[in-house]
Amino acid sequence: MSTHEHEHTGSIKAYVTGFILSIVLTIIPLVLVLNHMMGKTALMVSILLAAVLQFVLQLFFFMHIRDGEGPRYNVMALILGIIFVATIVSGSIWIMSFNSQVQ
């Protein structure tokens, strides 16, 4: 065991706060969908916004992305993964949008 070993654990208060905020960010789009409170486009934007907020919230509260004093290799790997996922999703949507023209 080295003396430089860091234990990345959060406090119970931080975990409970993150959990409650995650539940709220899950319930809001559910209520919007079940009660037909918005139009289709506004509903899609609100669901996407809640998903992105929940992703960021979980990065900070549960995955401790801001912790650590050394090089930010985990942040760089996360950014690269996000770029890969965004490329795959946008490419898939782009290909599927031209599917009707092919058939």
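Residues numbered from 1 in each chain as written. Predicted model: local features only at pLDDT ≥ 70, side-chain atom pairs only at ≥ 80, totals over all residues. Heavy atoms only, no water.

Overview of the overall build of the chain
Convention followed: Only DSSP runs of H or I with at least four residues qualify as helices, and only runs of E with at least two residues qualify as strands; both kinds are numbered from the N terminus onward. Each residue is assigned to one of three classes by its accessible area relative to the maximum for its type, calculated with a 1.4 Å probe on protein chains only: buried under 20%, partly exposed between the two thresholds, exposed over 50%. Pairs of residues are marked as contacts when any of their non-hydrogen atoms sit within 4.5 Å. The Shrake-Rupley method, run with a 1.4 Å probe sphere, supplies the accessible areas, and residue values consider only the shown protein chains as cover.
In terms of regular secondary structure, the chain is built from 4 helices and 0 strands. In the chain, the succession of helices and strands from N to C terminus is α-α-α-α. A buried classification covers 13% of the 103 residues belonging to the chain. The contacts of the chain with a sequence gap of at least 6 include a subset with a gap of at least 24, amounting to 57%. Just so you have it, the chain exposes about 8600 Å², and 73% of that area is on carbon and sulfur atoms.

Remarks on helix α2 (residues 40-61)
In an α-helix there are 3.6 residues to a turn, and that puts residues three or four apart on one side. What counts here: A helix is expected to span 1.5 Å multiplied by its residue count minus one.
Across its 22 residues, α2 extends 31 Å between first and last C-alpha, which sits within 8% of the 32 Å expected from 1.5 Å per residue. Listing the buried residues of α2 in full gives L43, S46, A50, Q54, L57 and L59. In the core, the buried residues of α2 are packed alongside α1 (12-34) and α3 (73-97).

Remarks on the packing of aromatic side chains
For clarity, the threshold we go by: Only centres within 6.5 Å qualify two rings of Phe, Tyr or Trp (six-membered ring in Trp) as a pair; their planes then separate them into stacked at under 30 degrees, edge-to-face at over 60, and tilted for everything else.
Enumeration according to the criterion identifies 2 aromatic pairs in this entry. Between the aromatic rings of Y15 and F62, the centroid separation amounts to 6.1 Å while the plane-to-plane angle is 5 degrees, which identifies the pairing as stacked. Residue Y15 is located in helix α1, and its partner F62 is located in the loop between α2 and α3; the two are separated by 47 residues in the primary sequence. Between W94 and F98, the ring centres sit 5.8 Å apart and the planes meet at 85 degrees, which makes this aromatic pair edge-to-face. With a relative accessible area of 35%, F98 lands in the partly exposed category.

Here's the deal with the packing of α1 against α2
Threshold: For helices, the axis comes from a line fit to the C-alpha atoms of the stretch in contact; other axes are also lines fit to C-alpha atoms, and the angle between any two N-to-C directions lies between 0 and 180 degrees. The labels follow the angle: roughly parallel below 35 degrees, roughly antiparallel above 145, roughly perpendicular from 65 to 115, and oblique for the rest.
At a minimum axis separation of 10 Å, α1 and α2 run at an interaxial angle of 170 degrees. For the element pair α1 / α2, the angle class is roughly antiparallel. Facing A14, Y15, T17, G18, L21, S22, L25, T26, P29, L32 and V33 of α1, the residues of α2 in contact are L43, S46, I47, A50, L53, Q54, L57, Q58 and F61.

Things to note about the side chain of S46
Residue placement: S46 occurs in helix α2. What S46 contacts, discounting residues up to four positions off in sequence, is L32 and M38.

Looking at unusual backbone geometry
Located in the positive-phi region is H36, a residue other than glycine, with phi close to 50 degrees. Along the chain, H36 falls in the loop between α1 and α2. Residue H36 is classed as exposed on the basis of its relative accessible area of 69%.

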